Each structure stands twice: as C-alpha cells, then as structure tokens.
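Remarks on the overall topology
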Amino acid sequence: MGLGTVLTRRAIALTFALIVVVLLTVLIIGATGYDATIWKAIINEQVRAYQATLVQKQATAAQVQQLVAQYRNKLIHLYGLDKPWYVRMEPLLINTLTFNLGLSNSHDVADVAGVPYPVPVGTAIMLCLPRTIIMITIAQLICAVVALYIGPYIAYKRGTLFDRAIVSYAALTNAIPVWWLGMIFIYFFGFIMGWFPTDYRAVVYYINHFMDDPVTSTQYILWYASLPIITIVIAFLGSWLYSVRAMVLRVVREDYINAARAKGLPESVVVSKHVLRAASPPVVTSVILSLAGSLGGYIITESIFDWPGMGTLYWVAITSADVPTILGLTYMFTLIYILARFTLEILYIYLDPRVRYS
Amino acid sequence: MKSMMEWNRELMSYTSGKVGLALFIFFIVMSIYALMVMPPNYKYAWNDPKHWQGYPQLAPPSWVRMLGYQNAAHESQTFTAPTSVIVRSGYKVYTFSMLYNLDVKDYPQDIVVAIQGLKVYRMGNRTIPVLIQVDVRRPDGKVLAAVKYVEYFNNVNGTKAYVKLPLTRSADRNLIIDEVESKILNTSNVLLKTPIAVSYLFSSFKILSNNSVLFQPLEGPYVISLNFYYPVNTPYVSPVDKATLTVVGDCYGLMGTDNIGRDLAQGLLYGFPIALAIGFGTALASTFIGLLVGAVSAYYGGWVDESLQRLVDIIGNVPLLPFLILLVDITPVGERLQMIMLVLVIFGWGGLAIVIRSMGLSIKEEPYIDAAKAIGLSNAKIIFKHLIPQVMPYVVASLVFSVPGAILSEAGLSVLGLEHGWPTWGRILADARMAGRYDIWWWILPPGFLLALTSLTFVLLGMAIETIVEPRLRTL
Amino acid sequence: MALLEVKDLKTYYYTLSGIVKAVDNVSFSLEKGEVLGIAGESGCGKSTLAWSLLKLVPPPGRIAGGKILVKDNDLTKMSDDEVRSKIRWKTISMIFQGAMNSLHPMYNVGEQLVEALRYHSSGEFDEEAALNKAAELLEDVGLSKDMLRRYPHELSGGQKQRVVIAMSLMADPEIVIADEPTTALDVIVQAQILNLFKKLRKEKDLSMIFITHDLSVIAEVSDKVAIMYAGKIVEYGTSEQVFLNPLHPYTQGLLKSIPKIRSKEKIEWIPGVPPGLANPPPGCRFHPRCPYAMDVCRREEPPMIEVEPGHYVACWLHSKR
C-alpha cells in the first residue's frame, strides 16, 4: 500500500469521525427536545412582548387573543416547531459542517466575546481563540519546552535524589486538580498578597482594543495572563516531565543506544542524535495533541479565572442554551483535534522510516 | 500468572506501592465506616437548611482554639429528664440547665433549643398552653431571657406534640435587646446596632457620651436554662421526651461548618463512599468494555476489527468534556451523577481497547493459540482462557489509573455549577465557590486535598503496578 | 607485550538485593592477530566481560578491580573521555549480541557507518571519504553499496549482521569483540558469517575475541579458548589443548553435549543449572553439578594452575594439595 493511499484512507476515516461527532451533537440537541424547549421559551417571550404592544394599542380582548394566537402560530412555523425534530436538525447539521455557524441567540455569549449583541458565532470564536492561546496554549508550550529540555536529563539521572524529587512532584501535581490550584492561587496571590488581579474578565478590553495602544495592552495582557499561566505550568509541568522521562527511559536501554556509546560517541551526541531521535514519535505526539487540546480551552479552569476564552464561551453557551454556539464550538473542538491527528500522520512519515516504507 | 501473594509482595517492594496501598486501605476503611454511620436520608438532610439550625455558620474547626484562636466554644447538651422541678408563682417549672464557660474574647453565634415530644396537659377537653423560656445567668449575676415562647396545642389529640420533628427555636433578637435595655443598661435611649443580638447576652457594656454603646465579651461561667411553665398539678416527671440545649459557638467539630451551618466533617466523610463508587463504577465498566472490544477486535480481525476500529476512532475524536457538560446539562438534576458515569464509560474505553488490540494481535500469533484452535476450543473460550489472562496485568494497571478520572470529572462539573444533588467533595467546593468564600480555608482546602489524595493514591498504586508489569521502567 | 592483557578483572553489579559478581578474577591475554574464544552457558558473565573491555558496564555495574592493559595502558585508570576517544571503536570495537537491535531504526545504514568514523578521525575523512570507506567495507562483508541508503527494517537478519560487522571495522580497530555474533541467525547464514570472519581476520590481520555459548563456533575460528563458568575462567589454553584434552569436568561436559554427526556416542548434558551470581556456592562454583565433586571442592576455591605449557585449569582434580 502506497503512502498516498494510507494518508488518503486516514483522511477519509478522520473526516468520517468529524461528521459523526457533529451528527452526535445535533442528535443530542434535537432528539432530547433540548432545542424545542429553548425555542418555546423564546416564542413565549416574543409573544408576551407582542401582547404588551397590542394592549398598549388598546385592542379588544378578543382581538388580542386572536392576534396573539396567529402570531404564535407564525413563530412556531418560523422556528420549525411544527415539524419533527430531525427535519429541524437537517439544515443545522449542513450549515455547521459548511462553517455557516449562524448568529448567537445569547446576550451572555456576546458579553464573553466583548462585543454588542447579537454576535455571529464565528466572530465569537475568533475573538475567544486568541485569549485561550494567550493563557492555555502558551502555558502548555512553556511546559513542553521545559520538559523536552530537562526530561532526558532526568531520565539519565534515574534513581538519584533529583529524579525522585521530580517523580514525586509529578505524582503530586498530577493529583491536584488544576482548577482547585487556581482557586487557591487566586485567593492567596490575588486577594491576600495582591500580586495578581482577582478579576480577569477585564482582559477583554485590552485584547479587543490591542491596536489602540499595543505597548500598554501587552503589559496589561501579561499582567492578567501571568497567574493563570503560572497555575497551569505548575499543575502540568510534572506530568510533562514524567512522560518525557518515561519515553526516554523506554529508549535508553535499547541495544542501539549502547551500540552508539560503544562507537565512542560523546554522551551529548548519544542523547541528542540517538535517544531523542528514537523517542521523537511519542514525544511529538504528546506535544501536538496537548497543544491542539489546549486550543479548545480548559472549561473549568477558565471558568475559575473567569477568563473569557473558548472554555468560558462554551460554558456560557450551555448555561444560556445557545444552540448555534454549542454546535459551532463542538465542531471547532473536533476539527482542531482531527487536524492535529492528521498532522501527526504526516509528521510520522518524516520521523519514522518504518512508517515511510511500509 | 502470578499469584495474589506474589503480586502483593512485589507491590510492597516499591515505596510508591507501599504508600499507595496504605492510602487505598485508608480510603476503603473510611468508606465502610461512612456507610455504616450514614443516615439513610442523608442526601436530603444535607440539602435541607433546617437540618443544620443548631450548627454555627462558617465556623472553623474546634481545634483552632488549641492554636490560640479566640473562637467561642460550641456546646450542646441533651436531656431526657429535668435538672430541677419547682413550683413558683402558681406554675410548676421544669428546668433543664447547662453550664457554659466563655473563655475567649469572642461571642457564641446563637442559643438554640430543640424539643422533641413536648407533653400536652389537658383540663377537661381544653389543652393548656405551655410557656417555654430560655434564661441566661451571666457571670455578673444578671439573668436575661433569650427565648420566650408560648406553645398553644391546637388540634392535638394525643398527649405529645412534635414527636417526629423537633421544635427548634433560636435566640430572639427583639427580646434580647429589650432585656439588655431594661435589666443591664436601665435605659432604652441608646443605640444597639449589632444584628447578631446574641452577642449582647455575653457582653459587658459601657455607654458612651453620644448614646452609643461599647460592648465586649464578658468572660466567665454562664448558666443556660430551659424552663417549661405548666400548671401546678401537672403529673409529668419530664415535660419532654428529649430536649437539646445548644450554645452555638464560633467553631465546630473536626472540620468546621459552611455558610448554612453544615458540618463539613460529615460532608467530607460521606464523600468517601460516593467518590469511590463513582470512580470504581466508571473505571470498572469502561475497562471491561475496553478489554472486551480490544480482545474481540484482535482475535476476530476482518470486518469485526474494522468496524470496531472505526468506532474507537469516533469516540476518540469526541471532545469529551464539552460533550459531558452538554449531556449532563440536559439531564434532570436527580439523574446527573448517573449521567456523568454513563458518559465517561461510553467515551472512556477507546484508549484501552487500542492497547489491548495491539497486545492481542501479537498474542494471537503464539503457537498455543493455534494449538487451542486445533483441539477445538471455542472462540469465546480461547479469548477468555488464553488471550485475556495474558493482558490482565496491564488491564489492572490501566483500571487503577482510571479510577480518579470520574471522581475529578464529577468534582469539576460541580465546581463549574452543574448541580447533581449529592453531597460530594466537588459539591462542597462548588458551594464555597458559589458563596464566593475562597477565604474560608476549612471549606476550600480539605475537599480539594481529599480529591488530590484520591488521585495520588491511585497514581502511586498504578505506578507500582506498571513497574511490575513493564520491567523496563524498573530502577535496578 | 601482549596487545590486550586482562589481569584479575572484577566487574560487579551493586543491586538492592546484593552484589552480583558477574566477572570475578578473570585473566587472559590476546596477541596481535590472535583469536580468543570465550565460551560458557548464558548468564555466566560473558557479555559483562565484553562490556568491561569497553568500560561500558551498564549501571549499577562497575569494574571493581583488576587491570585491562591495552598496549600497556591501563583502561581502568583512564578517564572516561580518554577511553571514549582513544579506545572505543578505534582500538577495540564490538559486534553486539542481537544485531537485530543494535542498529538505530531511524537512521539509514550509511549514516550509521559514517557516524562511527566521525568522532574518531581527526579530519582525514570528510563525509564523502567516509561514505566511500563505508561502501568499501560493505563490499568486504559481501553487501552491495546500495545498502548505504537502506534502513534497518528493510534488511534481513543476515544482512543486518553483515552491516554490524562492517560497522565494527569502520575505525580500523585492532581488536574486534564479537558477542554471540551468530546466535540469532539460521544455520546457513551462520556458516556464511563464520567464513566471513575467517576471511576478514586473514585480510586485516585482526585480533578477535569471540564470545559464544556454542563451542562448535569457537572450534571453527579460535586459536585460544577460555571456558567461563559463573563469572570465572575455569579452563584456558590453545584450541587444540582444550578441545583434545579437556581437563575441567565442566569443559568435558560442554564438549560431550555437542552433537557429532558420525559418532555413535550419545549426547550428554550437564545436569542442573548455573548458580545465581549474587550468591554463588562456596568453594568451587561448579561442585553442585560436578560428577567428581570432593570434600575440598565444597570448602575451597581451586587455584588456577598450569598443567602443560599455556594450558591452565582451575580444578582440585588437577592440583596437588
């Protein structure tokens, strides 16, 4: 089987998975009556407003009743509530898959995005994505760089006090929920020590008006992002170090590493050219997947910091039952992940000759 | 296959294994203890503010007093018989009294009485009302009333009232202010402003020139007495089945209380079995499915394998947390915990299935599988007798590693604001967050600490098992 | 002056469960152009001996005593960097047990061959010259130079073994240690590889140490033979001496267990298993399996004595008390 065929097959499989995930989301929203409940609430709201204007215009009670009933039926037809749910869901599915994400129905979503209501879902996502990158992706990137730099070193120092300290740190921070650490840091470093902000929503202004005064904005953004970044780095660095260490350990005992040493290569060359090269596929996998995962935001951690990123956007969409945003974000999350997976398939071809020629 | 004993010995040969095993036993013991002492209606009691009336609010643990903190002690005494019965000014007075020693510069939060089985006295077909009064005798000799209440027994047919629910009364603010003005300050021309009037019962006073009042805690022994006034010829030995007199202190129990007075020690204790149930339930189910799918996929191959792999591909690409939140959000509150577990099981078995499949593919090539086929063993038998036992050690490690996942997901969802009604550690943290009280350390730290300890337990255990299973990770 | 002289070498593993004496008081010497065979059952310390000669004993093992003299320079006293740059591959190179795994799966054959030279030539080889040399050596070991661009997973077991042999010759070493070089190969390929060794030895005037559990392989190529048992050399002499006049009961047992095509003799084997090296039996380490074990064997270690010129044995049967 040629390489092209393999990649094409993977691409088709991943696209299939993407479509199924969006379909599943649509099914959950449609088949459970979730969207119908929301539409009904919206219709009731609009009908009540209409009724109020009629009463102001001093229509008779009978007229009001008749007009209101007409208006209600019109809305029911407009929103498709007179049709079965799967008929309503079909355009939703197609529109989502073609990036026609529509308009958000929620004031809260517009509020998180930091723009006036109503906001197109695509715009809201494009506004929130950079904020999540500033907080979470950067934190993960820091972790990855540090771990790649000292992870192999720890593997070499296996069994020493330093190694044990790192492994204990990893076990400990792996156990602590990052959002709980966030709660404690906000209280201690924010409220008690006053070193960091306690209200993070204000970062919206500096990001959305970045171009007005880039220098000041950068300063403020750094000031707001620092504690969340510190929190995430502290919480995740241990796991990163541990897993890079484990990947290196799997390799250092291989015969070909000993062979490289016997050839008289300096240890630094053995590490950089042989050990890291052999450990590269799993390392690259975990870097790419965690960076891709970080783009979707950490819903709970962002919520604790009230950080207006992708995670908060999703949570607000859930609490305000905003179907277009929920669908749009689920699609984005899945798409990003699947693109990362496909990138990996291609990277493997460069990294591992065994994949290249099979 | 290794025997249980060998496993245990190997596990104990690693420090992480020892610590993990010790912590695991601790969790099991706590869970069993909690299940033995947990009242059956606990889930409802936890959410019912009335249940927590006799408890101080936002009170730190009692042991902070030993560290020198000025927190009034919490004391409660339950009586089944009166301390004294006397006849005074035409009444038969049943008195239940307790001593309370205020030894710090602080005020108790409240005085609460809870009465069960109050007895009804009848004259002919008329029921006679009872006066219930709580008096506080202060170190300075002054006696102030804190509760004064007449109970009329309308429509009571038997001889007892309030058998099922205790009649609970807190100190009466207006009464206390009246008492202080008339009996201590001898004037009503002053400004008594504190909303927590109970403080006055335990204060010494100084009237300042501008008519405002300076007050500070009056340390010393107090006698709190609960008096029931009945007609003289009442025959009862005790007017109640049970009476509880509580000086609600400014600290409580082992772990303190939250903003509606809930005893956090209880909440944390009962969190143990719930956490383990969530964790193990989810881990067992998803591990079982993963193992089965992986083994079947590897053994049968062909279209079975292909379709199972597509399924694994799909569930592997599902954005888990967003899906979880959406599905839990549309579930009625009472079934949300089950939904969390269900979702985590449905989308949680893919990773294991992939590993088991690849292990199974190499096992399938072993000659003994061919031999088993040759002697006519059924496919199911080969899978269960030859394939699954081979991968079992790895499966156990994976099971142990996956236990904390569901517990942490539940906690995270609670903290996010998705209520499920059960008193879990995550729920306690969520309450603290909703109340915006990150500063109440005894509310924020212990639940998080227990969550971390749970993960740590299973991570340590898993790491030790993994080292046994995968000797390459072993440090010589 | 012998090219390589090992005196009383001790290599121990310091594990949590005790000291494992994998190589214990081993002495032998190797002259220029000579081939020494070291034989013994698996787990007797042969591979550890090989690693010791490169000062690359995997932790927690280390050389605990003795001398390794390479042209009168003591390896055990050299700094790690000196050993790396002067000894490894340049003076002593090695063909590893399980050639399948001693090639890096992600580099092609050319890269791996050239690399062996890169850190040892002081500029006399540029990349192209190194590649040419690699191509030449590949041809020497019977492979085409197209192999340079191949990756290990594309090669057969025999091809990999030949690549590893070519690799061992890249830096023109004086001594090549071959650790079980033929074990994982099928019989026909084994024979080809052995012939290749004989040819290379003649062409390049190499000294070799041939480590194997298979005495017939040693008989094929060696000038001298050392028989190892439980970390010690029990018999040492020229091939003729050891094969025609085996003195140690262990050597005798090993020789009897080789099947012979024309003989009607029954194949025999040595009952029992070699002892664990962490806790070897007192006295002669072979006594629990020895058919001639005497009282003294259980009490005292036999000294190494010279029975005839160049033929040494450590056995109470041959030493006077």
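It should be noted that the structure appears before, not after, this text.
Numbering of residues starts from 1 in every chain and runs along the sequence as written. Lettering of chains starts at A and numbering of ligands starts at 1, both following the order in which they are written. A pLDDT threshold of at least 70 governs which residues receive local features in this predicted model, and a stricter bar of 80 or more applies before side-chain atom pairs are shown or counted, although totals over entire chains, interfaces and linings include all residues. Heavy atoms throughout the structure, all of them, feed into the side-chain values; hydrogens and water do not.

Another point: the interface of chain A and chain B. We call two residues in contact when some of their heavy atoms are within 4.5 Å. Contacts between chain A and chain B engage 47 residues on the former and 45 residues on the latter. When two parts are put together, the accessible area they lose, computed with a 1.4 Å probe and summed over both, is reported as buried area. Taken over both partners, the interface formed by chain A and chain B buries close to 4100 Å², and the fraction arising from carbon and sulfur atoms is 73%. Considering only the side of chain A, the residues that lose the most area to chain B are Trp180, Met183 and Trp315 of chain A, jointly responsible for 14% of the buried surface there. For salt bridges, the criterion is a side-chain nitrogen of Lys or Arg within 4 Å of an Asp or Glu carboxyl oxygen. In this assembly, chain A and chain B are joined by two salt bridges.

Within the secondary structure, threonine 48 of chain C is located in helix α1 (residues 46-53). Leave out the neighbours within four places in its chain, and threonine 48 of chain C touches Thr11, Tyr13, Ala22, Val23 and Val57 of chain C. Numbering of helices and strands starts at the N terminus; helices are DSSP runs of H or I of at least 4 residues and strands are runs of E of at least 2.

Quick look at the pairing of strand β4 (residues 61-70) of chain C now. All names here are of chain C. The pairing of strand β1 (residues 4-15) with β4 spans eight bridges and is antiparallel. Note on β4: the bridge partner recorded for valine 6 is isoleucine 68. Paired strands, as defined in this entry, are two strands with at least two bridges between them according to DSSP. Connecting β4 to the next strand, strand β5 (residues 73-74), in antiparallel fashion are two residues, including lysine 71 with a positive phi near 45°.

So, about the nonpolar core. In terms of nonpolar packing, the biggest core is built from 170 residues, with Trp179 and Tyr314 of chain A together with Ile325 of chain B touching the most fellow members. For this core, the element with the most residues is helix α10 (residues 214-252) of chain A, which contributes 17 residues. When residues no more than four places from it in sequence are discounted, the contact partners of tyrosine 314 of chain A are Ile299, Ile326, Leu329, Thr330 and Phe333 of chain A together with Pro322, Phe323, Ile325 and Leu326 of chain B. With 77 residues, the next largest nonpolar core counts Ile92, Leu103, Ala166 and Met228 of chain C among its residues. Here, the term nonpolar core denotes a set of buried Ala, Val, Leu, Ile, Met, Phe, Trp, Tyr and Cys residues that are joined through side-chain atoms within 4.5 Å. Any residue under 20% of the maximum accessible area for its type is buried, any over 50% is exposed, and the rest in between are partly exposed; the area is computed with a 1.4 Å probe on protein chains only.

This part covers the sheet that holds strand β4 (residues 110-116) of chain B. Residue and element names in this part refer to chain B. On the basis of which strands lie adjacent, the open sheet formed by four strands has the order β1-β15-β4-β11 and antiparallel pairing. On the outer flanks of this sheet lie β1 (75-79) and β11 (167-170), each paired with one strand and no other. Neighbour-to-neighbour, the strand axes of this sheet turn through a mean angle of 10°, independent of strand direction. Bridge analysis of β4 against β11 gives four bridges, and the strand direction is antiparallel. The residue of β11 that forms the bridge with valine 112 is serine 170. Geometry is summarised by axes, namely lines fitted to C-alpha atoms with helices restricted to the contacting stretch, and by angles between N-to-C directions that run from 0 to 180 degrees.

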